[in-house]
Amino acid sequence: EIPWALDFLPDGSIIFTERPGRIKLIDAKQGLLTEPLLTINEVIQRGESGLLGITSHPAFNVNNFIFIYYSYQADEQLTNKVVRLTLEGNSLLEPTVIIDKIPAAAIHNGGRLKFGPDGYLYITVGDAANPDLAQDRDSLGGKILRLNDDGTIPAENPFPGSPVYSFGHRNPQGLAW
């Protein structure tokens, strides 16, 4: 139901998100598993928001890490966050928040995740229907963020102490190198 993002695991399986809050798997041997790997009840799917991006860690064969991006309600406000999970069997466990309080709205949430050739996690973030956020370097809205896999900020980022890698984006919906 409303699949939004997918990633290939090393064994050829496909892990993917459904915007209402489910993460599913097409197993390389068994095909589509009927039960989700995880259902995230706090996901709010309103317009373009919901469970959006997903990516596996470059060292997935060693750590089994999966990263997801989703919208939820916090203090009466829609917001986005990135969470790291560990795939164990047919379950995603050990949720660890990587970054939170990313602006959200019913439109322009961005939400793509991908590890770059430099090993950093890149996160696209929309302007949350507020174009001014894209130019405000103190806001996470309208940006491409770059983080270490534990959520810390790389020393080489262009703005010291900031996860912002580039700014001025309306609603970036893809990443490629």
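Every value quoted in this text rests on a predicted model; they were computed, and no experiment measured them. (Residues numbered from 1 in each chain as written. Predicted model: local features only at pLDDT ≥ 70, side-chain atom pairs only at ≥ 80, totals over all residues. Heavy atoms only, no water.)

Caption draft 1: Expanded view of the sheet that holds strand E7 (residues 65-74). Spatial strand order, E6-E7-E8-E9: four strands in an open sheet with antiparallel pairing. One side of each edge strand has no neighbouring strand; the edge strands of this open sheet are strand E6 (51-56) and strand E9 (91-103). This sheet shows a mean twist of 25 degrees between the axes of neighbouring strands, independent of strand direction. Sheet topology places strand E8 (residues 77-88) next to E9; eight bridges connect them, and they run antiparallel. Within the sheet, the bridge partner assigned to Leu 87 lies in E9 and is Leu 92. (Pairing = 2+ DSSP bridges. Helix = DSSP H or I, 4+ residues; strand = E, 2+ residues; numbered from the N terminus. Axes fitted to C-alpha atoms, helices over the stretch in contact; angles between N-to-C directions.)

Caption draft 2: The arrangement of the pairing of strand E3 (residues 22-27) in detail. Among the six residues in E3, five count as buried, and that is most of the element. Alignment of strand E2 (residues 14-18) against E3, held across five bridges, turns out to be antiparallel. If you follow Thr 17 over to E3, its bridge partner there is Ile 23. Linking two consecutive strands that pair antiparallel, namely E2 and E3, is a turn of three residues; a positive phi of about 125 degrees is found at Gly 21 within it. (Buried < 20%, exposed > 50% of the residue type's maximum accessible area, 1.4 Å probe, protein only.)

Caption draft 3: Geometry of the pairing of E8. Buried residues dominate E8, accounting for 10 of its 12 residues. As judged from the 10 bridges shared by E7 and E8, these two strands associate in the antiparallel manner. Of the residues in E8, the one forming a bridge with Ser 71 is Asn 80. The loop that links E7 with its antiparallel partner E8 comprises two residues; one of these, Asp 75, has a positive phi angle of about 50 degrees. Hairpin connection from E8 to E9: two residues lie between these consecutive antiparallel strands, with Gly 89 at a positive phi of about 65 degrees.

Caption draft 4: Fine view of the nonpolar core. Counting 39 residues, the largest nonpolar core has Ile 15, Ile 23, Ile 66, Ile 68, Val 82 and Ile 123 as the members making the most contacts within it. Ranked by residues supplied to this core, first place goes to E7 with eight residues. When near neighbours in sequence (up to four residues on either side) are disregarded, Val 82 contacts Ile 68, Tyr 69, Thr 96, Val 97, Ile 98, Ile 99, Ile 102, Leu 113, Leu 121 and Ile 123. (Core = buried A, V, L, I, M, F, W, Y, C linked by side-chain atoms within 4.5 Å. Contact = heavy atoms within 4.5 Å.)

Caption draft 5: Representation of the sheet that holds strand E12 (residues 143-147). Taken in spatial order, the four strands of this open sheet run E10-E11-E12-E13, and their pairing is antiparallel. Both outer strands of the open sheet, strand E10 (113-115) and strand E13 (164-167), are each paired with one neighbouring strand and no more. If you compare each strand with its neighbour and ignore which way they point, the axes differ by 20 degrees on average. Two strands pair when backbone bridges link them, and strand E11 (residues 121-125) and E12 are joined in this way by five bridges, in the antiparallel orientation.

Caption draft 6: Molecular detail of the environment of Trp 4. Inspection of the secondary structure assignment puts Trp 4 in strand E1 (residues 3-8). Along the backbone, Trp 4 and Glu 42 are 38 residues apart, and their C-alpha atoms lie at a distance of 17 Å.

Caption draft 7: Main features of the side chain of Asp 7. Relative to the assigned elements, Asp 7 resides in strand E1. One buried charge, Asp 7, has no salt-bridge partner; the nearest side chain with opposite charge is Lys 114, at 6.0 Å. Here the side chain of Asp 7 touches Ser 56 through a polar contact of 2.7 Å, landing on its backbone nitrogen. Residues in contact with Asp 7, not counting those within four places in the same chain, are Ser 13, Ile 14, Ile 15, Ile 54, Thr 55 and Ser 56. (Lys, Arg positive; Asp, Glu negative; His and termini not counted. Salt bridge = Lys/Arg side-chain N within 4 Å of Asp/Glu carboxyl O. Polar contact = N/O pair within 3.5 Å; in protein donor to acceptor, adjacent residues only side chain to side chain.)

Note that every value here comes from positions in space, so none of it alone points to a role or purpose.
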